[in-house]
Amino acid sequence: MQREVLLTGIGGQGIQLATALLAAAAVAEGRHAMYFGAYGGMMRGGNSDTTLVLGDAPVQSPPTIGSAWSALVLHPAHAAGVYVRLRDDGLLVLNTSLCDPGATPTVGRLVPVPASESAASTGNPAAVTMIALGAYVAATAIVGLDTLLATAPDVLPPYRRHHAEGIRAALRMGHAHAGPALRAWPVYT
């Protein structure tokens, strides 16, 4: 079984870091991961997009996918390309601080999160993506929150490790914004 995750926003929101964190947490839980990131030429304000594929078995091909099970959209500027690839029965985590829920496609589950407003309230506007990622994890159970929190320092470059606790706080804040919506993996009893 595989799960595809698309993330889009603008440079500076932490899209690339959030994808690396989710992939590392999934691997820590025994899953397989492959991701591809792309970003515009600007350091801040250009597009930042990633595609992540997680699976129970090794991912066999590069994560260039035609459709996706889920997406996180943090800024409307580059969302159109994600919306056309999100399956009708999929899950969308939407930063409602910047994105209009009425302008999104019909999806199986919409998880509205005021990520930019929440990040601003913490005094850390760069926490937007981590708040959305925390909500995504709560909505999908794609990885455990404890695994995500434990893995956070490992994906940070050495010069940013002092931000680990702020990232954990943002993940917890986002996790509190959402409840179960569309479970990523089947539960076997």
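Everything that follows concerns the structure shown earlier in this document.
Nothing here was measured: the structure is a model prediction, and the numbers come from that model.

1. Comments concerning the packing of aromatic side chains
Applying the stated criterion across every chain, the model contains 0 aromatic pairs. When the ring centre of Trp-185 is taken as reference, the NZ or CZ atom of Arg-31 above it lies at 3.8 Å.

2. What about the sheet that holds strand E1 (residues 2-10)?
Pairing in this open sheet of 6 strands is mixed, and the strands run E2-E3-E1-E4-E5-E6 from one edge to the other. Each edge of the open sheet is held by one strand with a lone partner, namely strand E2 (32-39) and strand E6 (109-113). Here the average twist between neighbouring strands, direction ignored, is 15°. Looking at chain direction, E2 and strand E3 (residues 47-55) are connected through 8 bridges and run antiparallel. Bridging across to E3, Ala-33 finds its partner in Leu-54.

3. Regarding unusual backbone geometry
Positioned with a positive phi, Ala-141 is a non-glycine residue whose angle comes to about 55°. Exposure remark for Ala-141: the relative accessible area of 31% places this residue in the partly exposed category.

4. As for the pattern of salt bridges
Where side chains of opposite charge bring their charged atoms close, a pairing between them can arise. For the structure on display, the rule yields 4 salt bridges. Note that Glu-165 and Arg-172 form a salt bridge whose closest N and O atoms lie 3.5 Å from each other. The exposure class of Arg-172 is partly exposed, given its relative accessible area of 39%. Counted as one network, the salt bridges with shared partners bring together Glu-165, Arg-168 and Arg-172.

5. Some details on helix H6 (residues 164-177)
An ideal rise of 1.5 Å per residue puts 20 Å on 14 residues; H6 measures up with 20 Å between its terminal C-alpha atoms. Of the positions making up H6, those classed as buried are Ala-164, Ile-167, Ala-170, Leu-171 and Gly-174. All buried residues of H6 lie within an arc of 125° about the axis, which places them on one face of the element. The secondary structure elements touched by the buried residues of H6 are helix H1 (15-28), helix H4 (128-140) and helix H5 (145-155).

So, how was this worked out
Counting from 1, residues in each chain are numbered in the order their sequence is written. Local features in a predicted model are, by the rule used here, given only for residues with pLDDT of at least 70; side-chain atom pairs are given and counted only at 80 or more, and totals for whole chains, interfaces and linings are based on all residues. The side-chain quantities take in all heavy atoms of the structure and omit both hydrogens and water. In summary, the pairing rule links any two rings of Phe, Tyr or Trp, Trp by its six-membered ring, whose centres are within 6.5 Å, and it sorts them by plane angle into stacked for under 30 degrees, edge-to-face for over 60 and tilted for everything else. Charge over a ring is defined by NZ of Lys or CZ of Arg lying within 6 Å of the ring centre and within 35 degrees of the ring normal. At least two DSSP bridges between two strands are required for those strands to pair. Every helix listed is a DSSP run of H or I at least four residues long, and every strand listed is a run of E at least two residues long, numbered separately from the N terminus. An axis is simply a line fitted to the C-alpha atoms; with a helix, the fit covers only the stretch in contact. Between two such axes, the angle follows the N-to-C directions and lies from 0 to 180 degrees. Each residue gets one of three labels from its accessible area relative to the maximum for its type: buried under 20%, exposed over 50%, partly exposed in between, using a 1.4 Å probe on protein chains only. Whenever Lys or Arg places a side-chain nitrogen within 4 Å of a carboxyl oxygen from Asp or Glu, that contact is recorded as a salt bridge. The span expected for a helix works out to 1.5 Å for each residue beyond the first. It is the directions from the helix axis to the C-beta atoms whose arc is reported. Contact definition: two residues touch when any of their heavy atoms are within 4.5 Å.

Note that all results are geometric; they support no functional claim without further evidence.
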